Amino acid sequence: MSLLALRPQAILEVDLGAVTANVRTIKSRTAGELMAVVKADGFGHGQIDVAHAALAGGATRLGVTSIDEARPLRAAGLTQRILSWLNPLDADFAAAVRLDIELGVPGLDHLHTIAGTAPGARIHLQLDTGMGRDGAEPARWDRLCRAARQAERLGLVRVVGIMGHLPCADQPGHAANASGRDRFTWGLRVARAADLRPADHHLAATAATLSDPLSHHTMSRIGAGLVGIDESGTVRLRPALTLTAPLVTIRSVPAGTAVGYGHTWTARRATRLGLIPVGYADGLPWLASGRAEVWVGGTRRPVAGRISMDMTVVDLGPDTTVSVGDPVTVFGPGDHGEPTTAQWAGWAETLEHEIVTGLSARLHRRSAS
C-alpha cells in the first residue's frame, strides 16, 4: 500500500464541463481560431483531459511551452496542430519534426539551430511586443525575418506563424497594450516586406481575447481562461476546481487556546477546532494563514493559525453542526458561498494561476464532465 493511501483523503475534482463551457464563451468573443494552451499540466487540471475538453468546446489547436510537454499529447492520440514556443538551443528539435510539433523561434540562434538540426520544421517567429522577455527585439526583427525567408527558400523551415504577447492585457485600456498592438502590426509589415506569408498571426491570450478586439488576429491563445481565470475581469468564466477534505478530528477548547506554529492565533472564546488533512505541501499557500476561510456545515469558517505542511486547523465556532468525517470545501466555483481559488489568491497576495498550478500531485484527483 502506498503512503498516499494511508492519508485521509482530500479530493481535487476537475469539472471538465466547465472547461468546455469556458471555451465556448471565449469563442463567442472572437472570429479567429482558438489555441488551447495546456502547459503546466493543463494549468494544474490535467493536460490530456483539459485538451479534450477544450477541443470539445471549439478549440482547434493546442499550445505548450516545451517539446517535452507536447509529447504526452501525441502519445494520447491527439492529432491537432501543436505549437511549442519555449525551448533551449539543445532541445530535440528533430523529435519535434517527427511528432509534427510546430516551434516558436525567438531569434537567429534558434532559427539557425532548428534549420540545421530539424529540416522541414514549421515555425512561428516570435516578436517582443513589449514584454522584454521572450521574442526577438524590434531592432533584430528585420534580420530574423529575412534569415527565416532564406531558410524557407532552401527548404529548411516553413514559416507558418508570427506571434507576440501583450504585457498588460489584464488592464484593458493600458497604454502598453496599444503599443504592443502597434508593434505587432509593424512586425507583420516587416515580415511581408521580407516576402514571408504566414497564415497564422496571434497576439492575444485570454485577457486580450475577452477585452481587446483590436488585438485579435487569425488566432488567440487561451490558457488560464480554459480553467475559469479571466484577469481582465470582463467575463464570468466558470472555475473548474473543487478541493474538499474530511474533518479528521474535532476538539472543544476554552478561550485562550493557542493554535499552531508560532501561536499566531488564540481562541477569543470557547470554540471547537476542526483539523483537515491538507496544507502547504498540497499547494495551500502558507501566506494565506490568518486570512483564509473554508466552507463547512453550510457556512464559512476561518482558518485558525498557520497552515502547516500537511494539515490546517479551522475554527468551527461553538455551534456549527458538523461531525468527524464531514467534508470541508477548501475552494470551489463559489456557487454555494464557498471560497474560490481567486479568493485564496487574494489572501495569499498572489495570482490565481499560482494557486491552481501549485497544487500537489499527492492530492487525489478525479474528473467530472
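Each value, and the rule that gives it
- Residues numbered from 1 in each chain as written.
- Predicted model: local features only at pLDDT ≥ 70, side-chain atom pairs only at ≥ 80, totals over all residues.
- Heavy atoms only, no water.
- Helix = DSSP H or I, 4+ residues; strand = E, 2+ residues; numbered from the N terminus.
- Buried < 20%, exposed > 50% of the residue type's maximum accessible area, 1.4 Å probe, protein only.
- Contact = heavy atoms within 4.5 Å.
- Lys, Arg positive; Asp, Glu negative; His and termini not counted.
- Charge placed at Lys NZ, Arg CZ, Asp CG, Glu CD.
- Arc of directions from axis to C-beta.
- Polar contact = N/O pair within 3.5 Å; in protein donor to acceptor, adjacent residues only side chain to side chain.
- Patch = residues over 30% accessible without salt bridge, like charges linked within 9 Å, V, L, I, M, F, W, Y side chains within 5 Å.
- Areas by Shrake-Rupley, 256 points an atom, 1.4 Å probe, with all protein chains shown as cover.
- Salt bridge = Lys/Arg side-chain N within 4 Å of Asp/Glu carboxyl O.
- Axes fitted to C-alpha atoms, helices over the stretch in contact; angles between N-to-C directions.
- Parallel < 35°, antiparallel > 145°, perpendicular 65-115°, else oblique.
- Left-handed = near helix turned anticlockwise from the far one by under 90°.
- Nonpolar A, V, L, I, M, F, W, Y, C, P; charged D, E, K, R; others polar.
- Core = buried A, V, L, I, M, F, W, Y, C linked by side-chain atoms within 4.5 Å.
- Pairing = 2+ DSSP bridges.

## Details of the overall build of the chain
Logical step 1: Helices and strands together make up the secondary structure of the chain, namely 12 helices and 19 strands.
Logical step 2: Over its C-alpha atoms, taken along the principal directions, the chain stretches across nearly 80 × 50 × 35 Å.
Logical step 3: Within the chain, the proportion of its 369 residues that are buried is 53%.
Logical step 4: Partitioning the contacts of the chain with sequence separation of at least 6, the portion at a separation of at least 24 is 64%.
Logical step 5: Measuring between centres, the 37 positive side-chain charges of the chain sit 2 Å from its 35 negative side-chain charges.

## Notes on helix α11 (residues 341-348)
Logical step 1: Of the positions making up α11, those classed as buried are Thr341, Trp344, Ala345, Trp347 and Ala348. Take α11 and look down its axis: the buried residues cluster within an arc of 160°, on one side only.
Logical step 2: In this structure, the buried residues of α11 make contact with β15 (293-296), β16 (299-302), β18 (327-331) and α12 (352-357).
Logical step 3: Phi for Glu349, located one or two positions after α11, is positive at around 55°.

## Examining the side chain of Thr30
Logical step 1: Secondary-structure assignment places Thr30 in the loop between α2 (16-27) and β2 (33-37).
Logical step 2: At 3.2 Å, the side chain of Thr30 and the backbone nitrogen of Gly32 are in polar contact.
Logical step 3: For Thr30, the contacting residues outside a window of four places in its chain are Thr209, His216 and Ser220.

## Description of a nonpolar patch on the surface
Logical step 1: On the surface, Tyr280, Trp286, Leu287 and Met309 cluster together into a nonpolar patch covering about 430 Å² of accessible area.
Logical step 2: Looking at the element boundaries, Trp286 is found in the loop between β14 (271-276) and β15.
Logical step 3: By relative accessible area, which is 42% here, Trp286 ends up partly exposed.

## Observations concerning the packing of helix α8 (residues 138-153) against helix α9 (residues 175-193)
Logical step 1: Closest axis-to-axis distance for the α8/α9 pair is 9 Å, and the angle between their directions is 30°. Taken together, the axes of α8 and α9 lie roughly parallel to each other. Considering the relative orientation of α8 and α9, their crossing is right-handed. Contacts from Pro138, Trp141, Asp142, Cys145 and Arg146 in α8 reach Arg183, Trp186, Gly187, Val190, Ala191 and Ala193 in α9.
Logical step 2: Residue composition of the contact of α8 with α9, by class: 7 nonpolar, 1 polar and 3 charged.

## Brief notes about the side chain of Ser360
Logical step 1: Here Ser360 lies in the loop between α12 and β19 (364-368).
Logical step 2: A polar atom in the side chain of Ser360 sits 3.1 Å from the backbone nitrogen of Arg362.
Logical step 3: Setting aside its immediate chain neighbours within four residues, Ser360 contacts Ala281, Asp282, Gly283 and Arg365.

## A look at the nonpolar core
Logical step 1: Counting 96 residues, the largest nonpolar core has Ile114, Ile123, Leu125, Trp141, Leu226 and Trp344 as the members making the most contacts within it.
Logical step 2: At 6 residues, the largest contribution of residues to this core is made by α8.
Logical step 3: Not counting residues within four places of it along the chain, the set of residues in contact with Ile114 comprises Phe93, Leu103, Val105, Pro119, Ala121, Ile123 and Val157.
Logical step 4: Counting 7 residues, the second-largest nonpolar core is a separate cluster that includes Val259, Trp265, Ala267 and Leu273.

## Some details on helix α5 (residues 67-75)
Logical step 1: Every buried residue of α5 is accounted for by Ile67, Glu69, Ala70, Leu73 and Arg74. End-on, the buried residues of α5 take up no more than an arc of 150°, which puts them together on one face. What points out from α5, more than 90 degrees from its buried face, is the exposed set Asp68 and Ala75.
Logical step 2: Of the surrounding secondary structure, the elements contacted by the buried residues of α5 are α3 (39-44), α4 (47-57), β3 (61-64), β4 (82-84), α6 (93-98) and β5 (101-105).
Logical step 3: Phi turns positive, to about 90°, at Gly77, one or two residues after α5.

## Here's the deal with the packing of α4 against α5
Logical step 1: The geometry of α4 relative to α5 is characterised by a closest axis approach of 10 Å and an angle of 65° between their N-to-C directions. In terms of orientation, α4 lies roughly perpendicular with respect to α5. Handedness of the crossing formed by α4 with α5: right-handed. On the side of α4, the interface is formed by Gln47, Ile48 and Ala51, while α5 contributes Glu69, Pro72 and Leu73.
Logical step 2: Looking at the contact of α4 with α5 residue by residue, the class counts come to 4 nonpolar, 1 polar and 1 charged.

## Some remarks on the sheet that holds strand β11 (residues 249-253)
Logical step 1: A sheet is described by the order of its strands in space; here 3 strands give the open sequence β11-β14-β17, paired in antiparallel fashion. Because the sheet does not close on itself, it has two edges, and the strands there are β11 and β17 (312-315). Strand-to-strand twist in this sheet, taken as the mean axis angle between neighbours without regard to direction, amounts to 25°.
Logical step 2: Bridge count for β14 against β17 is 4 bridges, and the pairing is antiparallel. Across the sheet, Leu273 pairs through a bridge with Asp315, a residue of β17.

## Overview of the pairing of β18
Logical step 1: Counting buried positions along β18 gives 4 out of 5 residues, so the element sits mostly inside the fold.
Logical step 2: Bridge analysis of strand β10 (residues 241-246) against β18 gives 4 bridges, and the strand direction is antiparallel. Across the sheet, residue Ala245 finds its bridge partner in β18, namely Val328.

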